[in-house]
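Listed here are the chains, written in short residue letters.
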Amino acid sequence: MIFVNILILVVGMFFLIKGADLFVEGASKVAKAMKIPSLVIGLTLVSIGTSCPELSVSVQSAIKGMNDMSFGNVIGSNIFNTFIVIGVSSFFVPLVVSKHMFKYDIPIAMAIYVVVLLMGFVITPNVINWWEGVILIVILVLYTVFLILRSRNEPKEEEKDEKKRKWYLNVLLIVVGLAGIIFGGDLVVDSASAIAVILGMSELLVGLTIVAIGTSLPELVTSIVAAEKGENDIAIGNAIGSCIFNIILILALSSMISEMPIAMIQLFDVVVMLLSAVVLMILSAKKKEINKWSGLTMIVIYVVYFTYIIVRDFA
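Every chain's residues receive numbers from 1 upward, in the order its sequence appears when written. For a predicted model such as this one, the threshold for reporting local features is a pLDDT of at least 70, and the threshold for listing and counting side-chain atom pairs is 80 or more; totals across whole chains, interfaces and linings nevertheless cover every residue. The side-chain numbers reported here are obtained from all heavy atoms of the structure, hydrogens and water having been left aside.

Draft legend 1. Inspection of the overall build of the protein at higher detail. Strands are runs of DSSP state E lasting at least 2 residues, helices are runs of H or I lasting at least 4, and numbering of each runs from the N terminus. Helix and strand content of the protein: 11 helices and 4 strands. Scaling as 2.2 N^0.38, a compact globule of 315 residues should have a C-alpha radius of gyration of about 20 Å, and the protein matches this with 18 Å. On the principal axes, the C-alpha backbone points of the protein span a range of 60 × 45 × 40 Å. Partly exposed describes any residue whose relative accessible area lies between the buried limit of under 20% and the exposed limit of over 50%, with all areas from a 1.4 Å probe on protein chains only and scaled to the type maximum. Sorting the 315 residues of the protein into buried and exposed places 54% on the buried side. By definition in these notes, contact holds between two residues if any of their heavy atoms fall within 4.5 Å. For the protein, restricting intrachain contacts to residue pairs at least 6 apart in sequence, the fraction spanning at least 24 positions comes to 86%. With the radius of gyration taken over C-alpha atoms, the globule rule is written as 2.2 Å times the number of residues to the power 0.38.

Draft legend 2. Looking closely at the packing of helix H3 (residues 52-63) against helix H8 (residues 203-228). Axes here mean lines fitted to C-alpha atoms, for a helix over just the part in contact, with angles spanning 0 to 180 degrees between N-to-C directions. At their nearest, the axes of H3 and H8 sit 8 Å apart, and the two run at 150° to each other. What the angle tells us is that H3 and H8 run roughly antiparallel. Residues Pro53, Glu54 and Val57 of H3 touch H8, and the partners they reach there are Val211, Thr215, Ser216, Pro218 and Glu219. The scheme is simple: roughly parallel for angles under 35 degrees, roughly antiparallel for over 145, roughly perpendicular for 65 to 115, oblique for anything else.

Draft legend 3. Spotlight on a nonpolar patch on the surface. Residues enter patches when they are more than 30% accessible in relative terms and free of salt bridges; like-charged ones are connected within 9 Å and nonpolar ones (Val, Leu, Ile, Met, Phe, Trp, Tyr) within 5 Å. Accessible surface area values rest on a Shrake-Rupley calculation with a 1.4 Å probe, where residue burial reflects the displayed protein chains alone. The term salt bridge refers to a pairing of a side-chain nitrogen on Lys or Arg with a carboxyl oxygen on Asp or Glu at a separation within 4 Å. On the surface, Val114, Leu118, Val122, Ile123, Trp130, Trp131, Val134, Ile135, Val138, Leu142 and Met256 cluster together into a nonpolar patch covering about 990 Å² of accessible area. When contributions to the nonpolar patch are tallied by element, the ones reaching two or more residues are helix H5 (99-123) and helix H6 (130-151). With 6 residues, H6 is the single largest residue contributor to the nonpolar patch. Inspection of the secondary structure puts valine 122 in helix H5.

Draft legend 4. Structural detail: the nonpolar core. Within the largest apolar cluster, 79 residues are counted, with the highest numbers of intra-cluster contacts made by Phe71, Ile79, Ile86, Tyr113, Ile247 and Leu251. Ranked by the residues each element gives to this core, the list is headed by helix H9 (residues 232-257), at 14 residues. Aside from chain neighbours lying at most four places away, what touches tyrosine 113 is Asn78, Cys243, Ile247, Val270, Met273, Leu274, Ser276 and Ala277. Note on terminology: a nonpolar core comprises buried Ala, Val, Leu, Ile, Met, Phe, Trp, Tyr and Cys residues joined through side-chain atoms within 4.5 Å.

Draft legend 5. Representation of unusual backbone geometry within the structure. Positive phi values are uncommon outside glycine, yet asparagine 126 reaches one of about 65°. For asparagine 126, the location among the structural elements is in the loop between H5 and strand E2 (127-128).

Draft legend 6. Structural context of the environment of lysine 103. Relative to the helices and strands, lysine 103 resides in helix H5. The exposure class of lysine 103 is exposed, given its relative accessible area of 53%. For the pair lysine 103 and methionine 281, spaced 178 residues apart in sequence, the C-alpha to C-alpha distance is 9.7 Å.

Draft legend 7. The arrangement of helix H4 (residues 67-89) in detail. Take the number of residues in a helix, subtract one, and multiply by 1.5 Å to get its expected span. Between its first and last C-alpha, H4 extends 31 Å over 23 residues, near the 33 Å set by a 1.5 Å rise per residue. Asparagine 81 marks where H4 bends most, by close to 35°. The angle between axes fitted to the seven-residue stretch ending at a residue and the seven-residue stretch beginning at it gives the bend at that residue.

Draft legend 8. Quick look at the side chain of serine 77. You can see serine 77 is positioned in helix H4. The residues touching serine 77, leaving out its near neighbours within four places in the chain, are Glu54, Gly72, Ala212, Thr215, Ser216 and Asn246.

Draft legend 9. Representation of the packing of H5 against helix H10 (residues 267-285) in the model. Axis separation between H5 and H10 bottoms out at 10 Å; the angle between their running directions is 165°. Taken as axis vectors, H5 and H10 run roughly antiparallel relative to one another. Relative to H10, the crossing made by H5 is left-handed. In contact with Phe102, Ile106, Pro107, Met110, Tyr113, Val114, Leu117 and Phe121 of H5, H10 contributes Leu267, Val270, Val271, Met273, Leu274, Ser276, Ala277, Val278, Leu280, Met281, Ser284 and Ala285. All residues other than Ala, Val, Leu, Ile, Met, Phe, Trp, Tyr, Cys, Pro, Asp, Glu, Lys and Arg, Gly among them, are scored as polar; the first ten of these are nonpolar and the last four charged. Here the residues of the contact of H5 with H10 sort into 18 nonpolar, 2 polar and no charged. Less than a right angle of anticlockwise turn of the near helix away from the far helix marks a crossing as left-handed, whereas a clockwise turn marks it as right-handed.

Draft legend 10. Highlighting the packing of aromatic side chains. Side-chain rings of Phe, Tyr and Trp (the six-membered ring for Trp) are treated as a pair once their centres are within 6.5 Å; stacked means planes under 30 degrees apart, edge-to-face means over 60, and tilted covers the remaining angles. According to the stated counting rule, one finds 9 aromatic pairs in the structure shown. When the ring of phenylalanine 14 is compared with that of phenylalanine 15, the centres are 5.8 Å apart and the planes differ by 80°; the resulting orientation is edge-to-face. Between phenylalanine 80 and tyrosine 302, the aromatic rings sit 5.6 Å apart at their centres with planes inclined by 80°, giving edge-to-face as the arrangement. With phenylalanine 80 in helix H4 and tyrosine 302 in helix H11 (residues 292-314), this residue pair connects regions lying 222 residues apart in the sequence. The rings of Phe80, Phe268, Tyr302, Tyr305, Phe306 and Tyr308 are connected pair by pair, giving a single aromatic cluster. Consider the ring centre and the ring normal. A charge sits over the ring if Lys NZ or Arg CZ is within 6 Å of that centre and within 35 degrees of that normal. Sitting over the ring of phenylalanine 102, lysine 288 keeps its end group 4.4 Å from the ring centre.

Next comes the structure, spelled out in structure tokens:
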């Protein structure tokens, strides 16, 4: 049985990789054709698109009352997105952290993490209620409006004449690529979750590791592909944007569907999520970029965290 799941895992990876390749190509072309900055596309369209697996898994988990899985998926995905997605992508090309991202988006992510910390352990200890989910949705609306207004002041992307393609073909690439990402993500998550259950892992650990990593593979593959194609803003904007939307969209909807109990043990994971944004800010503060050495540092931190939560679960 475990071998069948491993085979499904490999097939899912194929769809993720190919889907991400098509999605990034279509999204970057549409961005340039509409004269929208790649950074804004990375923070919105690409981020939401690659977060679809997290959205599907967390909402389904909330409906089924698997709150540890739902919450762990969101928190674990954000930690993975910051430390691994950005860290690994930096090995392909140094990821330049734009002035606006350093000034706005990373601090916004940090602020949203603090809000979750207060909601889950101070305002309504050990639970996130539906009305707190509504507050997160309000933040989502405000952040989206802020991005739209900000895009007017961003440098416009010009599409090269020799690379022009009819707009509907680019939209088709986005749709087909997104379908591949979602389908591949579902295969990866389902097979990885089955493998985890066979190995006797807890629901929380499955959410923080197997499911979080599985649903974050679209972000990882998309950012790597974007980095290879020279779409630096999409590479890093995708990761940061996904982290933000994971909280203000996915966690919000999940808590509105089903009140989300949170164990005190999860305080550590939320703090690590907050620290991931702090580490990103510190590493990019001097040169405004994440080079391979900074990326390696982030990967090492994640490996230490990953090892700890496994030991914690089986202790």
